[in-house]
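Next come the chains, spelled out residue by residue.
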Amino acid sequence: MNENQYTYISTLKEYFYAYLHYKESIKQDVLSYAFLFKHIDGFLVSKAYDKEYVDREIYTEWLDSRIARVSSMTVFRETSMMRAFLIFTTKMGNECYIPPPRREPEKTYIPHVFSHAEIDAFFKAVDNLRLENRCAHNHLHMMPALFRLLYSTGMRLGEALEIRNKDVDLKGHVIRLLNTKNGHERFAPINESLEAVLIEYLNNRNRIPVEGLGKPDGYFLCGAKGQKCPHGTVRRWFHVARRDAGIPYYGREGGPNVHCLRHTACVHALIKMVKSGLDPYCCLPLLTAFMGHRDVKDTEYYLHLCESLYPEIIHLERNISSGINSVLYYAIKQHSDENS
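Residues numbered from 1 in each chain as written. Predicted model: local features only at pLDDT ≥ 70, side-chain atom pairs only at ≥ 80, totals over all residues. Heavy atoms only, no water.

### Here we look at unusual backbone geometry
- Of note, K27 is a non-glycine position whose phi angle comes to about 60°, a positive value.
- Tracing the backbone shows K27 in the loop between α1 (13-25) and α2 (31-46).
- With a phi close to 55°, A48 is a non-glycine residue in the positive phi region.
- Residue A48 is classed as exposed on the basis of its relative accessible area of 62%. (Helix = DSSP H or I, 4+ residues; strand = E, 2+ residues; numbered from the N terminus. Buried < 20%, exposed > 50% of the residue type's maximum accessible area, 1.4 Å probe, protein only.)

### Points about the sheet that holds strand β2 (residues 174-177)
- Strands sit in the order β1-β2-β3 across an open sheet of three strands; the sheet is antiparallel. The open sheet has two free edges, formed respectively by β1 (168-169) and β3 (186-189), since each of these has just one partner strand.
- Looking at chain direction, β1 and β2 are connected through two bridges and run antiparallel. Note that in β2 the partner of D169 across the bridge is V174. (Pairing = 2+ DSSP bridges.)

### Brief notes about the nonpolar core
- M143, L146, F147, L150, I175 and V234 are the most contacted members of the largest nonpolar core, which has 48 residues in total.
- Counting residues per element, the ones that place at least two in this core are α5 (116-127), α6 (143-153), α7 (157-161), β2, α8 (192-205), α9 (231-244) and α10 (260-275).
- Here this core takes seven residues from α6, the largest share from any one element.
- Counting 29 residues, the second largest nonpolar core, distinct from the first, contains Y8, Y15, M82 and C96. (Core = buried A, V, L, I, M, F, W, Y, C linked by side-chain atoms within 4.5 Å.)

### Side note on α9
- For α9, built from 14 residues, the straight-helix expectation of 20 Å at 1.5 Å per residue is met to within 8% by its first-to-last C-alpha distance of 20 Å.
- Of the positions making up α9, those classed as buried are T233, V234, W237, F238, V240, A241 and R242.
- Contacts from the buried residues of α9 go to α5, α6, α7 and α10.
- Just downstream of α9 lies G246, where phi reads positive at about 75°. (Expected span 1.5 Å × (residues − 1). Contact = heavy atoms within 4.5 Å.)

### Here's the deal with α5
- The end-to-end C-alpha separation of α5 is 17 Å, in line with the 16 Å expected for 12 residues at 1.5 Å each.
- Along α5, the positions that sit buried rather than exposed are I119, F122, F123, A125 and V126. Taken down its axis, α5 places every buried residue within 160° of arc, on the same side. Within α5, the exposed residues directed more than 90 degrees away from the buried face are A117, D120 and K124.
- In the core, the buried residues of α5 are packed alongside α6, α9 and α10. (Arc of directions from axis to C-beta.)

### Structural notes on the pairing of β2
- Side chains I175 and L177 project from β2 onto a buried face, and the interleaved V174 and R176 project onto a face without burial.
- As consecutive antiparallel partners, β1 and β2 are separated by four residues, and within that stretch H173 has a phi angle of approximately 60°, a positive value.
- Pairing analysis gives four bridges linking β2 to β3, with the strands arranged antiparallel. Looking at β3, one finds that R176 is bridged to F187.

### A look at the environment of A48
- Of note, A48 is situated in the loop between α2 and α3 (56-67).
- Counting along the chain gives 38 residues from A48 to S10, while the straight-line C-alpha distance between them is 8.8 Å.

### Description of the pattern of salt bridges
- Applying the stated criterion across every chain yields a total of 10 salt bridges.
- Between D127 and R148 there is a salt bridge, with the nearest N and O atoms lying 2.8 Å from each other. Taken as a pair, D127 in helix α5 and R148 in helix α6 lie far apart in primary sequence, 21 residues in all.
- A relative accessible area of 37% means that D127 is categorised as partly exposed.
- For K228, the salt bridge identified is with E162, shortest N-O distance 2.3 Å. With K228 in the loop between α8 and α9 and E162 in the loop between α7 and β1, this residue pair connects regions lying 66 residues apart in the sequence. (Salt bridge = Lys/Arg side-chain N within 4 Å of Asp/Glu carboxyl O.)

Right, dumping it as structure tokens:
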């Protein structure tokens, strides 16, 4: 890993770098720790913390600040990572406070998966969005293309807003994604319907009398001045369109929100594949690549979600089912017998 990519200045900086090098040497995740250390580094500096180890008092103060700002699941993930880091530094001879492990909170959030009728109504509402007042920095013209892009490719909002003109290959029918959540470059496919939408968007965008909109490093999805669109602006227009489409909102925990388009993309893709005759579990590797997940286990959640929402789809073609549970059972049994 390039150390210049992440700069730390607190008294723990050398331990941050050492742990990142260690994680990299054993081929494990580096980026998530690098981001966490960046936050902790800033926290320690803001508190003028001058010790070269983490004591209970500063850890508790940091933990309280996170509990007040982020979800319980995020707190669990960050404290688990922090505990592993502190154990590592202690093994290096730096006696730090080792917090007890936290219990993983129950997952209560179930994302909203749009029905096909809701998706049609939503896109119709998006196409009918209008500005109440003239604004030189508006982003409304890009919303129909953006929301269809999210639904068609399953990409994350942050990934879509970072796309540059040079990343879009309409002839090759792919979009290169560099700024991904997992830090790994991947390609998103462009189907025929999405291609038509993007071409129409480009034709309209390129009529805007602003120099440099089509430069390779320019943002593909941009505002009227060529500027990057803020996440909050997308969320605001999403809820305007959702309301106009007659889709109810059940609050932060019930949604729907912009990220639900990603869940919907995966579930609808799975339904389409199962209806075509594919075993749902055979679809997982394809969906894993499609969604940009690093592990097939991350994609299994969408299968369970689909199974709970559309049980008739999962059991549509029982005769082609692989019986994966039986396969796993006998494979494990055979392995145990051979090694007993």
